[in-house]
Amino acid sequence: MPLASAATSVDGDLYTWITELAQRSPTALDSVVRAWSDYGLALFALLMLASWWRSRSADPARTAMALCTPLVVVAAYLANDLVKSLFHEQRPCQTLHVVTVEACPALGDWSFPSNHAAIAAAAATAIWLTDRRLGAIAVPAAVLMAASRVWIGVHYPHDVLIGLVTGALVAWPLTVAARRCAPAVTRLRDTPLRPLVAAR
């Protein structure tokens, strides 16, 4: 079975139902979802910054985890993009030719798995492991990011689901491993770089 046909058979009907629902929804709602889908990853950057700032008054292991979070997210993106390059799944809006909220990406801009979902999940996982309070914001935000990608029509539901799983599976062990950098953080607290790793 061709990959496009296989992808459509998995959840093409659900994708079509969601995109048709989006077309029947108020324009204001679609605009909000589109803006979140396009620019919402900036929230995770702000949460990572807040996690680092709050961690400076915590134990060195937590500070190390916060400092490593951007690297963890990059690693998750690269892993997800590697999977994407192996499958070459066309976007559902190219295969099913439905009307979508967002303009359909060009041919060759592969769909599976979703990079947005993977990045959001990786950031949310790392933030949650570092700071539960900020994680309570990041985790539902990651789910909303994934859902928005389907709503605007650029991904199948299975694209974002696997993106979320990939991001979380990469981020969890890497973030836990970052605790091993705690001795380096402790040493930095006795150097001119102390403001980066310790509160006044």
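See above for the structure.
Residues numbered from 1 in each chain as written. Predicted model: local features only at pLDDT ≥ 70, side-chain atom pairs only at ≥ 80, totals over all residues. Heavy atoms only, no water.

A. Seen up close, the state of the cysteines. Tallying each qualifying case throughout the model produces 1 disulfide. Residue Cys 93 pairs covalently with Cys 104 via a disulfide, S to S 2.1 Å. Linking Cys 93 and Cys 104, the disulfide has an S-S dihedral of approximately 80° and is accordingly described as right-handed. Separated by 11 residues along the polypeptide, Cys 93 in helix 5 (residues 92-95) and Cys 104 in the loop between helix 5 and helix 6 (115-130) bring together distant segments of the chain. No disulfide involves Cys 68; its sulfur sits 4.6 Å from the nearest other cysteine sulfur, which is in Cys 181. Using a relative accessible area of 19% as the deciding quantity, one classes Cys 68 as buried. Exposure remark for Cys 181: the relative accessible area of 36% places this residue in the partly exposed category. (Disulfide = S-S within 2.5 Å. Helix = DSSP H or I, 4+ residues; strand = E, 2+ residues; numbered from the N terminus. Buried < 20%, exposed > 50% of the residue type's maximum accessible area, 1.4 Å probe, protein only.)

B. A look at the nonpolar core. In this structure, Phe 44, Ile 127, Ala 138, Ala 142, Trp 151, Ile 152 and Leu 164 are the most contacted members of the largest nonpolar core, which totals 35 residues. Excluding its chain neighbours within four sequence positions, the residues that come into contact with Ala 142 are Phe 44, Ala 120, Ala 121, Ala 124 and Leu 164. (Core = buried A, V, L, I, M, F, W, Y, C linked by side-chain atoms within 4.5 Å. Contact = heavy atoms within 4.5 Å.)

C. Here's a closer look at the packing of aromatic side chains. For the structure on display, the rule yields 5 aromatic pairs. An angle of 45° between the planes, with centres 6.5 Å apart, marks the rings of Trp 36 and Phe 44 as tilted. Relative accessible area serves as the criterion here: at 2%, Phe 44 is assigned to the buried category. With centroids separated by 5.6 Å and ring planes inclined at 70°, the aromatic side chains of Trp 52 and Trp 53 adopt a geometry described as edge-to-face. According to the relative accessible area criterion, Trp 52 is buried, its value standing at 18%. The class of Trp 53 is exposed, set by a relative accessible area of 52%. A cation over an aromatic ring shows up here: Arg 56 above the ring of Trp 52, its NZ or CZ 5.8 Å from the ring centre. (Phe/Tyr/Trp six-rings, centres within 6.5 Å; stacked < 30°, edge-to-face > 60°. Lys NZ or Arg CZ within 6 Å of the ring centre and 35° of its normal.)

These values are about where atoms sit, not about what they do.
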